[in-house]
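# Structural features, examined
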Amino acid sequence: MYLTREEEALLDGEKGPTLQKAMELLTALGDIYGADSLVPIKSAQIAGVSYKTIGDAGLEWISDLKGKVVVPSILNPAGMDLERWHEMGVDEEFAANQTKIIEAYQRLGIRCECTCTPYHIDTSLASFGDHLAWSESSAVSYANSVIGARTNREGGPSALAAALIGKTANYGYHLDENRAPVITVQVDCQLSGADYGALGYLVGAQVGSDIPMFRLQSRPTNTELKALGAAMAASGAVALYHVVGVTPESGSYQAPDETITIERSQLDEVFGKDRGHHVDLAALGCPHYSLEELELAAELLEGVRVEKEVWIYTSRQVRDASPDAVRRIEASGAKVFVDTCMVVSPATDRFGYVLTDSGKALKYIPGMCGVGSGLASIRECLKGRNSD
Ligand code: F3S
């Protein structure tokens, strides 16, 4: 891989061991994947924040790093709401360790707005054609597919290395030749809301890491595209998809001949998996809810008293942008938590069965939290039952 004189100096340790380690990581990745050079990035989004997922080893590793990031960098959700963790039932020891992780990232100059939807809070982080180093898989999918920016599915350490250097290795989705669709997905029914999560759940499992191109009968909103991409990144490893006539790069490609078809009955099977199962927690906001989703939840909960625990996750900025929606939601007995989510927080682990409106959470909750999960529309989730 070609390195400039300045990059060589960083690799030789002339600017200290942290930047040397960061360069070693980026050049190792570049060598493995055949990158020709490093490419400057606009922003970084760094996963590996929850103490539940990185533990003491991760905390130690981050705490040892010195220096400052050189591009806008933002964290993925942590293991708790940084202010209301008591209400989530998170214990003191976990909270203390989680706080140390956040402080270690802060010392590196990283914005500790812990969210997997950075595009909801700061549109300057990613625009069409920008190179990025983002690591949370749904954020990667949204950046590549809906915004038309370019990022690989970075690991937490490689995103952090890229943030410190301001560049990443130029391979994979950074290159035009790796962004073409390889399979067409024909959807033979109208879709809305949580249908997109169910569709992503099915398609991800079938296409793995291939790039699908969708032919849809309905026109999805960006919220629905967010849900589709998140689910495909969880049940498969899809980091980029196109939707004919909708996503920004779809017009550059023909739909591939190889085709899979999805029918209504297949989506109904995903929703019907555990129909009638007792629900302990309804968890919404995977990926983190946007302002529109929060306001919809507030509208649906108007005058209602929830019967089950209903927890809605969003970013701090979205919550603060709509205090009225938060007040209306919480008047029903539901709670709005920020900085965290149902998958990366240990708080979910004590519930027996979780109902969600997210195809990604449906997939991850059993493995990451050790509890059962079912998929339902936002309306059914807010009622605390899956009887759609
Ligand atoms: Fe975000 Fe957590 Fe889902 S990080 S995409 S809300 S699993």
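Note that the structure is predicted; figures quoted are calculated from it, not measured. (Residues numbered from 1 in each chain as written. Predicted model: local features only at pLDDT ≥ 70, side-chain atom pairs only at ≥ 80, totals over all residues. Heavy atoms only, no water.)

This part takes up the packing of helix H3 (residues 51-64) against helix H5 (residues 92-107). Helix-helix packing: each pair is described by the crossing angle between the helix axes and the interaxial distance. Between H3 and H5, the shortest axis-to-axis distance is 10 Å and the interhelical angle comes to 45°. Between H3 and H5, the interaxial angle falls into the category oblique. For the pair H3 and H5, the sense of crossing is left-handed. When H3 is examined against H5, the residues Tyr 51, Lys 52, Ile 54, Leu 59, Ile 62 and Ser 63 are found in contact with a partner set consisting of Phe 94, Asn 97, Gln 98, Lys 100, Ile 101, Ala 104, Tyr 105 and Arg 107. (Axes fitted to C-alpha atoms, helices over the stretch in contact; angles between N-to-C directions. Helix = DSSP H or I, 4+ residues; strand = E, 2+ residues; numbered from the N terminus. Parallel < 35°, antiparallel > 145°, perpendicular 65-115°, else oblique. Left-handed = near helix turned anticlockwise from the far one by under 90°. Contact = heavy atoms within 4.5 Å.)

Below, the discussion takes up the domain arrangement of the protein. For the protein, the assigned domains are domain 1 (5-176), domain 2 (180-265) and domain 3 (273-386). Each of domain 2 and domain 3 has a C-alpha centre, and these two points are 24 Å apart. At the junction of the two partners, domain 2 supplies eleven residues and domain 3 supplies 14 residues. Roughly 940 Å² of surface becomes buried between domain 2 and domain 3 when both sides are summed, with 70% attributable to carbon and sulfur atoms. Per-residue buried area on domain 2 facing domain 3 is highest for Tyr 201, Lys 226 and Ala 234; these three make up 48% of the total on that side. Applying the counting rule to domain 2 against domain 3 returns one salt bridge. (Domains from an automatic or database assignment. Buried area = accessible area lost by both parts, 1.4 Å probe. Salt bridge = Lys/Arg side-chain N within 4 Å of Asp/Glu carboxyl O.)

In this section: the pairing of strand S11 (residues 309-314). Counting buried positions along S11 gives five out of six residues, so the element sits mostly inside the fold. Of the pairings in the sheet, the one linking strand S10 (residues 281-289) to S11 comprises five bridges and is parallel in character. Within S11, the position partnered with Ala 282 by the bridge is Val 310. One crossover worth recording links S10 to the parallel S11 by way of helix H12 (residues 291-300), and it is right-handed. Looking at chain direction, S11 and strand S12 (residues 335-338) are connected through four bridges and run parallel. Directly across from Trp 311, in S12, lies its bridge partner Lys 335. (Buried < 20%, exposed > 50% of the residue type's maximum accessible area, 1.4 Å probe, protein only. Pairing = 2+ DSSP bridges. Right-handed = clockwise from strand over helix to strand, strands pointing away.)

One way to put it is that H12 packs onto helix H14 (residues 323-331) with a least axis distance of 8 Å and a crossing angle of 40°. Regarding the angle of H12 to H14, the classification is oblique. At the point where H12 passes H14, the crossing takes the left-handed sense. Residues Leu 294, Glu 295, Ala 297, Ala 298 and Glu 299 of H12 form the contact with H14, whose participating residues are Ala 325, Val 326, Arg 328 and Ile 329. Partitioning the contact of H12 with H14 into residue classes produces six nonpolar, no polar and three charged. (Nonpolar A, V, L, I, M, F, W, Y, C, P; charged D, E, K, R; others polar.)

Take Ala 133: it is sitting in strand S4 (residues 133-134). Counting along the chain gives 93 residues from Ala 133 to Pro 40, while the straight-line C-alpha distance between them is 9.7 Å. In contact with Ala 133, not counting residues within four places along its chain, are Ile 41, Ser 43, Ala 44, Gln 45, Thr 151, Glu 154, Ala 159, Ala 162 and Thr 168.

Attention now moves to H3. Helical periodicity: at 3.6 residues per turn, an α-helix aligns residues three or four positions apart in one direction. Between its first and last C-alpha atoms H3 spans 16 Å; for 14 residues at 1.5 Å apiece the expected length is 20 Å, and the helix comes up short by more than 12%. Taken as a whole, H3 carries its principal kink of about 65° at Ala 57. Along H3, the residues that are buried comprise Tyr 51, Gly 55, Gly 58, Leu 59 and Ile 62. As for H3, its buried residues are in contact with H5. Its side-chain oxygen 3.0 Å from the backbone nitrogen of Lys 52, Ser 50 forms the N-cap of H3. (Expected span 1.5 Å × (residues − 1). Bend = angle between axes of the 7 residues up to and from the residue. Polar contact = N/O pair within 3.5 Å; in protein donor to acceptor, adjacent residues only side chain to side chain.)

Neighbouring residues of the ligand: Pro 77, Cys 116, Glu 136, Ser 138, Gly 285, Cys 286, Pro 287, Cys 341, Val 343 and Lys 360. Ranked by the residues each element gives to the shell around the ligand, the list is headed by S10, at three residues. Taken together, the residues of the shell around the ligand break down into six nonpolar, two polar and two charged. When residues of the shell around the ligand are sorted by domain, at least three fall in each of domain 1 (5-176) and domain 3 (273-386). (Near = heavy atom within 4 Å.)

Here the structure, examined in full by the defined rule, presents seven aromatic pairs. Ring geometry for Tyr 33 against Tyr 171: centres 4.7 Å apart, planes inclined by 5°, an arrangement best described as stacked. Taken as a pair, Tyr 33 in helix H2 (residues 17-33) and Tyr 171 in the loop between strand S5 (167-169) and strand S6 (183-187) lie far apart in primary sequence, 138 residues in all. Overall, the relative accessible area of 11% leaves Tyr 171 in the buried class. Judged by centre distance (6.5 Å) and plane angle (45°), the rings of Tyr 313 and Phe 337 are tilted. Taken as a pair, Tyr 313 in strand S11 and Phe 337 in strand S12 lie far apart in primary sequence, 24 residues in all. Each of the two residues, Tyr 313 as well as Phe 337, counts as buried. (Phe/Tyr/Trp six-rings, centres within 6.5 Å; stacked < 30°, edge-to-face > 60°.)

Moving on to helix H10 (residues 222-235). Compared with the 20 Å implied by 1.5 Å per residue over 14 residues, the 20 Å span of H10 between its first and last C-alpha is a close match. When you tally the buried positions in H10, you get eleven out of 14 residues, the bulk of the element. Of all the positions in H10, only Glu 224, Leu 225, Lys 226, Leu 228, Gly 229, Ala 230, Ala 231, Met 232, Ala 233, Ala 234 and Ser 235 are classed as buried.

With that settled, consider the sheet that holds strand S3 (residues 73-75). The parallel open sheet is built from three strands, whose spatial order is S3-S2-S4. In this open sheet, the two strands that pair with only one neighbour each are S3 and S4. In the sheet, strand S2 (residues 44-46) pairs with S3 via three bridges, with the strands oriented parallel. When the sheet's bridge partners are listed, Ala 44 is paired in S3 with Ser 73.

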